[in-house]
Each structure stands twice: as C-alpha cells, then as structure tokens.
Amino acid sequence: MTMSKLTIRELIDKYPFIVSYLEDNKLDITGFEDKTFDDYLNHFSGEEIENWAIDKERLKEDLLAYIRQMKEFLGIKDDTSISSLTIIAGHDKSKNPEGFEEFTINKSEIVSIVGPTGSGKSRLLADIEWTAQKDTPTGRAILINGEKPDMKWRFSSNNKLVAQLSQNMNFVMDLTVKEFIELHAQSRLVEDVEETSQRIIDAANNLAGEKFDLETPVTALSGGQSRALMIADTAILSSSPIVLIDEIENAGIDRKKALKLLVSKDKIVLMATHDPTLALIADKRIVIKNGGISKIIETSQEEKEILVELERMDSIIQGMRSELRAGKQLQVRGKK
Amino acid sequence: MNLVVFSGPPSSGKTSIILKTIEALKQRNISVGVVKFDCLYTDDDVLYEKAGVPVKKGLSGALCPDHFFASNIEEVVQWGIKLDLDLLITESAGLCNRCSPYIREIKGVCVIDNLSGINTPKKIGPMLKSADIVVITKGDIVSQAEREVFASKVSSVNPRAMTMHINGLTGQGAFELSTLLIDEEKKIESVQGMELRFPMPAALCSYCLGETRIGEAYQMGNVRKMDLGDDYE
C-alpha cells in the first residue's frame, strides 16, 4: 500500500483520527512528523522494544486495520438508515413454535416487552444484537430493512446494533458532565463537540426534574438526573439504531418525554417493563413465556383510555413530588 | 481437539464468561474441559466441578504464572486429548498486564471489564493487544456512553480483534461467543514447537533468585533504575 511512503504528517492530514490510535498505543511521534511510520517504528532500540512490549509488525498491521475500520465507520455515519427490524419466529425452550410468524418494528416505534424474570428477555435481545440467522438456541431470524443483515453488525466493535439503558446503570468515570459528553463525542468522531454537548445537556434538563449544568461531576448527579443524561446522550450520540430500555424508574424524570426524545431521533425502542404507564405507551407489546414469544398484543382502545387515566394519576404524583422538593405542604386538590 | 486460551485481569469475569459459554456448548453436545492457572490460590476449580466440567488447576507458586503456563501447556493439552475433549480452555491468572500466554495459531480471548476504567486498555500490553477476541463484561452497570467509549479505546489498541459485550450474570452474548470457539480446521494434537505470540519479560535479577535484602550491593543481573530527575541536587 502507498501508505508506507507517506510521512506521519501526511498520514494525519489524510486520516486525522489516527491521532487517537497513536495516543492510545503510547506512540509519541514528536520529532518524527516528516518520517514514515515505518521509520518511526524502526527508531526504537532493542531495549525499548522489550521494555515497552512493542510489536512493530502488529502496530503496522493494526494501523491499517484501524484506518480501514474508521473509514468504514465514517461511511456508516452518513448512512445510519435503519428503517425496520423484523423478527422471524423460532421456538421456545420446549421447541414449541412461537405465537407469531413475522413481526416488524419500524423506526420511531415503541414496543414493550413483558414476561417474568428468566422468561427469555435477554435471549430475545441477544438474538437482535447478534442478528440471529436461525443459528441461536431460539432458531429466530432477524432482518434489517426487510433483508438479511450485513455481518458487520456482528463483528464490528464500534457499530453495535443495540444500545441499552438499564435500571442499575451508573456513571463510573470521575468527570464533569461536559468532559464526559466530550469524551463520548470524540469516540464517535462528532465534528461539532461543543454544540452537541449543549444539545445533550438541554435535552437532559428537559427530562430531569432538577436541572444541572455542564460543570457538575457525573458522579454527583441524582438518580433522575443520571437517567436523564444517559437517555439524552444515547438518543443524540449513540450510533446504535435500536435502544433497549430495561424499566425506567418513575422518579426525577419525565418518562414520556424521554421516550419521545428517543423516538424523535429515529430510534427503534424496545422497552422491558411491567409499569402500566410505560407498557401502554407502546403500540404493541411482546409477551415472553418459556424462552419464546408467546404472543404479540396490540394496545387496545380500552387500554389507551386506561393510559389517559394513569397519566393523570402520574401527573398528580409528579406534582406532589415537586411540591415536596420545594418545601411546600401538600393540600387536597381543589381546596384553596 | 480445539484449544482456546483465556486471559484477562483479575476479577474481570473470566470464570463467569467461561462457565456461561460452556453451558451453551454443552447444549450442542460439545465436551469441554478447563485448566485454571493461578499463582497462590484459586477456588475457581470448585465452580467448574460444580458445573460438571472436567478441571485441573495449576498453581505457579514462586514462579511467574505465565512462564509456568508456557512450561506446562503441552502436558495440559495431552490431558485434554486423553479425556477426548472437543474443546480445552485454559484460564490464566492475569496478573501483571504485560504478559499474554497466547500462542500463534491458537485462539486467544481477553476478558476485560467496563468498570476497570477507560484508560485500562492503554495500560494492558500484549494480553489485550494480541488477542483475537476481546470480551467486555459488566456492561449492565455502566452507562451506554461509557460502554461505547470503552469499546472504542479497546478497538484503537487492537483494531483487528472482534469485540463482544457479554453479561456474565445473565449469559447474554455467551452463546454467540461459544460459536466462535469451535473450529474444525484448527484442531490440534499437540502444541509442541508452536510459538508464543509475544516474548515474556526477560527479568533475571538477584531478586528473581531469592534475594531479600535491599540495597545496591545486592542488585545483580537485569536491574533497571527509575529516572527521578535531578531535583534534589
């Protein structure tokens, strides 16, 4: 490849993202900008190679692989259009056929998943993530945009099909909200980091009961604020077109707005929940039993009416929550 | 028989991942055995026994566990062949982040966890960088953003590896890993004459030989000094 003739400066001009490859592999190229990458690697002494566990051949091949992968990733970014996900039925743990034949979820649709713990929710999700082709224990097949999916979804590390948001997720990094979002944006090769950060924090504050700013350490956020930030970040920055939500706790966050945000970013939303308000927001729900999908229920008109009632009750509770937070005394409604 | 070498920092979830993967293999009637290498102590063998998996453990004691691995792997392979296993898995101690006991031609899997901090991929040497498959665990307890950042750090130090997220508790992803471990074309009868992917550190100093006293007079062999600068002058 002609790459071996380019100087490091030329390489960086052509592929700016290789700076993080050099950094993460602890390759300090200062002073070698006008040399080729081979020349740079050849300058290490035998002792340095041993001490720092440097593998020249691997570094050369990896750089090529990295460039190829990032180019592909940048290409995908322009073409993230996944418009539908189709599940073709397999069987449950007892080998009985599943209670549907084919089920398609379009982008911006929300589908809820119900069923007892251990019934097979993880397996369903794993089938989607692995784009199963009748080669998993359930025998299901997954289609993307109505077609057999590209194997890249299985094998690439930067392009996973499913993003997950679950109850017990925490921030473990010791960073401010700003640094945190920037780090994520850089890993996704976002061009306008500042504007994106602002969009995420605005979206998160729109969801959270209590506002926070870019300078707050992520570890100091309340449960509701953390969830709001995670959801806003996943909606705006995650490359995964499908989002799986494992219950959203009903505290400190506007769940309806959260779902709206995800859907407005063209995500396909799957939501494992037994909370009636959430389950009924979805137009359809998947019922899982004994490792298989036993049926798919469409939310009925009656259920939609129940939802209105639930939302009314929900808003009463949320209102009371805000009043308590503000130090007020609660009063019976309608009484002045 | 297929051989797969698992390695990874302590407590990253190697044993859980291997156990969940074996569960999936058993459903396909594939017989699996495990040899666990460690330094002073391990009770992982009990976990494998409980799961009905033939297991042997090797404690390296005063020796570096990865050196110990290299000196014993052929005998271990012969043990697996005697048991007529379809797949033999070795699990390393994963102590110093530099070594990797991976062998060329033999599949190497590195297990690393999301909780270990985003700079960890940078800190780990050939154990991560020369693995064929990188399994990232504990993704269920960190945010999606951290998972993505962590995976991108892994892929910048080892872009050719296949990166998988596996949940060691629910086993989500373990079936998928299990499909990658059996390879008809990579069956072996022996590892005699095969090569390690990367040389282990050549440290032979007086302390390797049992010296306990501290001081310049007792330091011999391969000794290196830190550069602390001239500030004290």
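The shown structure was predicted, so the numbers you read here are calculated from the model rather than taken from an experiment. (Residues numbered from 1 in each chain as written. Chains lettered and ligands numbered in written order. Predicted model: local features only at pLDDT ≥ 70, side-chain atom pairs only at ≥ 80, totals over all residues.)

Points about the overall build of chain A
Turning to step 1, where the next piece is worked out: Along chain A, the regular secondary structure elements total 13 helices and nine strands.
Turning to step 2, where the next piece is worked out: Counting over 336 residues, chain A shows a buried share of 35%.
Turning to step 3, where the next piece is worked out: The contacts in chain A between residues at least 6 apart in sequence include a share of 69% that link residues at least 24 apart. (Helix = DSSP H or I, 4+ residues; strand = E, 2+ residues; numbered from the N terminus. Buried ≥ 20, exposed ≤ 12 C-beta atoms within 10 Å, placed from the backbone. Contact = placed C-beta atoms within 7 Å.)

Points about the environment of Thr216 of chain A
All names here are of chain A.
Turning to step 1, where the next piece is worked out: Among the secondary structure elements, Thr216 is positioned in the loop between helix H9 (193–207) and helix H10 (223–237).
Turning to step 2, where the next piece is worked out: Residue Thr216 is classed as partly exposed on the basis of its C-beta count, with 17 C-beta atoms lying within 10 Å.
Turning to step 3, where the next piece is worked out: Along the backbone, Thr216 and Lys178 are 38 residues apart, and their C-alpha atoms lie at a distance of 8.0 Å.
Turning to step 4, where the next piece is worked out: If we skip the residues at most four places from it in the chain, Thr216 touches Thr176, Val177 and Leu221.

Here's the deal with helix H6 (residues 121–129) of chain A
Residues and elements named next belong to chain A.
Turning to step 1, where the next piece is worked out: Extensive coverage of H6 is indicated by the burial of eight of its nine residues.
Turning to step 2, where the next piece is worked out: Turning to H6, its buried residues number three or more, namely Lys121, Arg123, Leu124, Leu125, Ala126, Asp127, Ile128 and Glu129.
Turning to step 3, where the next piece is worked out: With its phi angle positive at about 40°, Thr131 sits one or two positions after the end of H6.

Focus: the pairing of strand S8 (residues 284–289) of chain A
All names here are of chain A.
Turning to step 1, where the next piece is worked out: One ladder, built from four bridges, connects strand S3 (residues 110–114) with S8; its direction is parallel. Directly across from Val114, in S8, lies its bridge partner Val287.
Turning to step 2, where the next piece is worked out: The sheet contact formed by S8 and strand S9 (residues 292–298) spans six bridges and is antiparallel. The partner of Ile288 across the bridge, within S9, is Ile293. (Pairing = 2+ DSSP bridges.)

Topic: the confidence of the model for chain B
Atomic detail in the predicted coordinates should be set aside for any region of low pLDDT.
Turning to step 1, where the next piece is worked out: Averaged over every residue, the pLDDT of chain B is 89; the share at 70 or more is 97%.
Turning to step 2, where the next piece is worked out: Taken over the whole predicted complex, pTM reads 0.82, whereas the ipTM for its chain interfaces reads 0.76. (pLDDT = per-residue confidence, 0-100.)

What about the packing of H9 of chain A against helix H11 (residues 255–264) of chain A?
Residue and element names in this part refer to chain A.
Turning to step 1, where the next piece is worked out: Packing of H9 against H11 leaves a shortest axis separation of 8 Å and a crossing angle of 150°. By the criterion of interaxial angle, the relationship of H9 to H11 is roughly antiparallel. Residues Ala203, Asn206 and Leu207 of H9 form the contact with H11, whose participating residues are Lys257, Ala258 and Leu261.
Turning to step 2, where the next piece is worked out: In the contact of H9 with H11, the residues fall into four nonpolar, one polar and one charged. (Axes fitted to C-alpha atoms, helices over the stretch in contact; angles between N-to-C directions. Parallel < 35°, antiparallel > 145°, perpendicular 65-115°, else oblique. Nonpolar A, V, L, I, M, F, W, Y, C, P; charged D, E, K, R; others polar.)

Re the environment of Leu262 of chain A
Residues and elements named next belong to chain A.
Turning to step 1, where the next piece is worked out: If you trace the backbone, Leu262 turns up in helix H11.
Turning to step 2, where the next piece is worked out: Along the backbone, Leu262 and Leu22 are 240 residues apart, and their C-alpha atoms lie at a distance of 35 Å.
Turning to step 3, where the next piece is worked out: Here Leu262 is in contact with Ile231, Ala235, Val243, Lys267 and Val269, once residues within four sequence places are set aside.

A closer look at the sheet that holds S8 of chain A
Residues and elements named next belong to chain A.
Turning to step 1, where the next piece is worked out: The strand order across the open sheet formed by six strands is S5-S6-S7-S3-S8-S9, and the pairing between neighbours is mixed. Sheet topology places strand S5 (162–166) and S9 at the edges, where each strand pairs with a single neighbour. Adjacent strand axes in the sheet meet at a mean angle of 20°, parallel and antiparallel pairs treated alike.
Turning to step 2, where the next piece is worked out: Helix-sheet contacts for H6 involve S3, S5, strand S6 (242–246), strand S7 (268–272) and S8, and the interaxial angle to S5 is about 150°.

A look at the sheet that holds strand S7 (residues 162–165) of chain B
All names here are of chain B.
Turning to step 1, where the next piece is worked out: An order of S3-S2-S4-S1-S5-S6-S7 is seen for the seven strands of this open sheet, with the pairing classed as parallel. Pairing within the sheet leaves two strands with one partner each, and these edge strands are strand S3 (55–59) and S7. Pairwise comparison of adjacent strand axes, ignoring direction, gives a mean angle of 20° for this sheet.
Turning to step 2, where the next piece is worked out: In the sheet, strand S2 (residues 32–38) pairs with strand S4 (residues 87–91) via five bridges, with the strands oriented parallel. For Val35, the partnering residue across the bridge sits in S4 and is Thr90.

Regarding the interface of chain A and chain B
Turning to step 1, where the next piece is worked out: On the side of chain B, 38 residues touch chain A, which itself brings 41 residues to the contact.
Turning to step 2, where the next piece is worked out: For the side of chain A that touches chain B, the secondary-structure elements that each account for two or more residues are helix H2 (18–24), helix H5 (56–77), H6, S5, helix H8 (177–187) and H10 of chain A.
Turning to step 3, where the next piece is worked out: When residues in the side of chain A that touches chain B are grouped by element, the largest group, five residues, is from H5 of chain A.
Turning to step 4, where the next piece is worked out: Partitioning the side of chain A that touches chain B into residue classes produces 19 nonpolar, 15 polar and seven charged.

Focus: the pairing of strand S1 (residues 2–7) of chain B
Residue and element names in this part refer to chain B.
Turning to step 1, where the next piece is worked out: Within S1, six of the six residues are buried, which leaves the element mostly enclosed by the surrounding structure.
Turning to step 2, where the next piece is worked out: Here S1 shows a buried face lined by Asn2, Val4 and Phe6 and a second buried face lined by Leu3, Val5 and Ser7.
Turning to step 3, where the next piece is worked out: Pairing of S1 with S4, which is carried by five bridges, proceeds in the parallel orientation. In the sheet register, Val4 faces S4, and the bridge partner there is Ile89.
Turning to step 4, where the next piece is worked out: Direction of pairing for S1 relative to strand S5 (residues 107–113): parallel, over a ladder of four bridges. Directly across from Phe6, in S5, lies its bridge partner Val109.

Some details on the domain arrangement of chain A
Turning to step 1, where the next piece is worked out: Splitting chain A by domain gives domain 1 (2–77) and domain 2 (84–299).
Turning to step 2, where the next piece is worked out: If you average the C-alpha positions of domain 1 of chain A and of domain 2 of chain A, the two centres end up 35 Å apart. (Domains from an automatic or database assignment.)

Focus on the packing of H8 of chain A against H10 of chain A
Residues and elements named next belong to chain A.
Turning to step 1, where the next piece is worked out: Two elements in contact, H8 and H10, have axes whose closest approach is 11 Å; the angle formed by their N-to-C orientations is 30°. Considering their axes alone, H8 and H10 lie roughly parallel with respect to each other. Crossing handedness for the pair H8 and H10: right-handed. Together, Val177, Ile181, His184 and Ala185 of H8 and Leu229, Asp233 and Leu237 of H10 make up the contact between the two elements.
Turning to step 2, where the next piece is worked out: Taken together, the residues of the contact of H8 with H10 sort by class into five nonpolar, one polar and one charged. (Left-handed = near helix turned anticlockwise from the far one by under 90°.)

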